[in-house]
Amino acid sequence: MERPRRIDKLMSQTDIAATLLGQLGLPHDDFPFSRDVMADTYTYPFAFNTFNNGFNLRDSTGCTVFDNVAGRALYGADSLREEKGKAILQTLYDDLSGR
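Residues numbered from 1 in each chain as written. Predicted model: local features only at pLDDT ≥ 70, side-chain atom pairs only at ≥ 80, totals over all residues. Heavy atoms only, no water.

Now, about the packing of aromatic side chains: what can you tell me, with residues and values included?
Scanning all chains against the criterion turns up three aromatic pairs. Between Tyr-44 and Phe-46, the ring centres sit 5.2 Å apart and the planes meet at 35 degrees, which makes this aromatic pair tilted. A connected cluster of aromatic rings, assembled from ring pairs, spans Phe-48, Phe-55 and Phe-66. Just above the ring of Phe-46 sits the side chain of Arg-35; from NZ or CZ to the centre is 4.0 Å. (Phe/Tyr/Trp six-rings, centres within 6.5 Å; stacked < 30°, edge-to-face > 60°. Lys NZ or Arg CZ within 6 Å of the ring centre and 35° of its normal.)

Go over the sheet that holds strand β3 (residues 62-67), please, and point to the residues and values.
Here four strands make up an open sheet; going across it, the order is β1-β2-β3-β4 and the pairing antiparallel. The open sheet has two edge strands, β1 (46-51) and β4 (72-75), and neither has a second partner. Mean inter-strand twist for the sheet, computed between neighbouring axes without regard to direction, equals 25 degrees. (Pairing = 2+ DSSP bridges. Helix = DSSP H or I, 4+ residues; strand = E, 2+ residues; numbered from the N terminus. Axes fitted to C-alpha atoms, helices over the stretch in contact; angles between N-to-C directions.)

Provide a residue-level description of the environment of Asp-59, including the pertinent values.
Here Asp-59 shows up in strand β2 (residues 54-59). Once you skip the residues sitting within four places of it in the chain, Asp-59 turns out to touch Leu-10, Tyr-44, Pro-45, Phe-46, Arg-81 and Lys-84. Among the polar contacts listed, one links the side chain of Asp-59 to the side chain of Tyr-44, at a separation of 2.6 Å. (Contact = heavy atoms within 4.5 Å. Polar contact = N/O pair within 3.5 Å; in protein donor to acceptor, adjacent residues only side chain to side chain.)

Give me unusual backbone geometry: which residues, what numbers.
In this structure, Asn-53 is a non-glycine residue whose phi angle is positive, near 65 degrees. Counting through the fold element by element, Asn-53 comes out in the loop between β1 and β2. Given the relative accessible area of 37%, Asn-53 is considered partly exposed. (Buried < 20%, exposed > 50% of the residue type's maximum accessible area, 1.4 Å probe, protein only.)

Tell me what's going on with helix α1 (residues 15-23), and back it up with residues and numbers.
Along an α-helix, residues three or four positions apart point the same way, because every turn accommodates 3.6 residues. Residues Asp-15, Ala-18 and Thr-19 constitute the buried set of α1. Each buried residue of α1 lies within a common arc of 100 degrees when the element is viewed along its axis, so the set occupies one face. Check the buried side of α1 and you find it contacts β1. One or two steps after α1, the chain reaches Gly-25, where phi turns positive at roughly 75 degrees. (Arc of directions from axis to C-beta.)

Run through the pairing of β4, naming residues and quoting values.
The pairing of β3 with β4 spans three bridges and is classified as antiparallel. Each bridged residue has a counterpart across the sheet, and for Val-65 the counterpart in β4 is Tyr-75. The turn linking β3 back onto β4 is made up of four residues, and Gly-71 within it adopts a positive phi angle of 70 degrees.

Can you explain the pattern of salt bridges? Please cite residues and give values.
Counted according to the given criterion, the structure contains three salt bridges. The closest approach of N and O atoms between Glu-83 and Lys-86, which form a salt bridge, is 3.6 Å. Highlighted residues: Glu-83 and Lys-86, both in helix α2 (residues 79-97), separated by three residues, approximately one helical turn. The class of Glu-83 is partly exposed, set by a relative accessible area of 47%. What makes Lys-86 partly exposed here is its relative accessible area of 36%. Asp-95 is the partner of Arg-99 in a salt bridge, and the nearest nitrogen-oxygen pair spans 2.8 Å. (Salt bridge = Lys/Arg side-chain N within 4 Å of Asp/Glu carboxyl O.)

Here's what the structure looks like:
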């Protein structure tokens, strides 16, 4: 049996489901936006959250807070993080509109 340990990885709260299920050896297909942070497939650690008309993306390069209404970063302007954040947000909106 493994001992308790601290996992120091950048992740979002949505990743908790896949991580816990992965540790139990159970599938997590019902959680498409959750990633198992203990798996070998967890190769791009990042945290993402949304707020009314914007998002926050944090990865190893820094943190960007983007305002969709203003069309610009309010904090940590970075074109690559901004594009990744926009792509994730669009994917979330597409998923939501399909439900």
